[in-house]
Amino acid sequence: MKKLLLVFTLFFSVSMFAQNTFWYDVLLEVKAENAENVASLVDNYYSSIEIPQNVSVEFSSIPFKGTHENATHILSIVANSAESLAKFRGSLTGPVWDLYISKMQKNVENVRTSAGNGLVSFNSDVQFPIGQAWVFKVNNIRNFIEAFGKLMKTFKFEGSVGAGQIVHGTDNGENAYIYGTYANLSKALSFGPKNDRESKAFELFNQEISNETFSKTFTRVLIKRF
């Protein structure tokens, strides 16, 4: 994203530094009175096209965010390779696409995009509807990912969780993220270490990334997965 960067993608840990997912996010600023129209337009278009098996598309609202983020919705496209993502993005053309974009422009105040890739993930087969992103300005991405991997050896997260880098469409040096999903709002609100062992693991993680800068967090709620 441009103003608020995010993302979401994770796959079960394979190689710690394998670029095993690639994502492209579209952040939309939508007035409340147009939200239903936008949801309907997105649903009608993406339900009508063929989406490859190695590509997923999700449309979500963004109910929790900081004061500097105006986006209200996000459309996330994730693929297992850069080639697959680029090919699918390139296929979004033609008269039907042009009509969709024309109608969206009448209902959306502003649009921003960003792209990146996931570097390590856990529980990627768990698909929960609530996702939270923590965005960072990182000097050493390798150390950041290693520290996160060490944390996840101790901390038990019920949903999918992973970390990666923001490559395109970034602001103010934001270049890394952690993203986790929750089964419901109650789980999201009660996030945190559950015992002394997990608390110590978080303390160590915070120490190991003490030279990095935490920038922001935001939470999205799934409207529809295509």
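Because the structure is predicted, anything quoted here is derived from the model rather than measured.

Draft legend 1. Region of the structure containing the packing of aromatic side chains. Here the structure, examined in full by the defined rule, presents 19 aromatic pairs. On the numbers, 6.0 Å between centres and 55° between planes, the contact of F155 with F157 is tilted. By the burial criterion, F155 is buried, and F157 matches it. Through successive ring pairs, a cluster of aromatic residues spans W134, F155, F157, Y182, F191 and F202.

Draft legend 2. A look at the sheet that holds strand β6 (residues 161-168). Strands sit in the order β1-β3-β2-β8-β5-β7-β6-β4 around a closed barrel of eight strands; the barrel is antiparallel. Neighbouring strand axes in the sheet, compared pairwise and without regard to direction, differ in orientation by 35° on average. With eight bridges joining them, strand β5 (residues 130-137) and strand β8 (residues 213-225) adopt antiparallel strand pairing. Paired with K137 across the strands is T213, a residue of β8. Taken strand by strand, helix α2 (residues 82-91) contacts β1 (21-29), β2 (55-64) and β3 (73-79), and its axis lies near 35° from that of β1.

The rules we used
Residues numbered from 1 in each chain as written. Predicted model: local features only at pLDDT ≥ 70, side-chain atom pairs only at ≥ 80, totals over all residues. Heavy atoms only, no water. Phe/Tyr/Trp six-rings, centres within 6.5 Å; stacked < 30°, edge-to-face > 60°. Buried < 20%, exposed > 50% of the residue type's maximum accessible area, 1.4 Å probe, protein only. Pairing = 2+ DSSP bridges. Helix = DSSP H or I, 4+ residues; strand = E, 2+ residues; numbered from the N terminus. Axes fitted to C-alpha atoms, helices over the stretch in contact; angles between N-to-C directions. Contact = heavy atoms within 4.5 Å.

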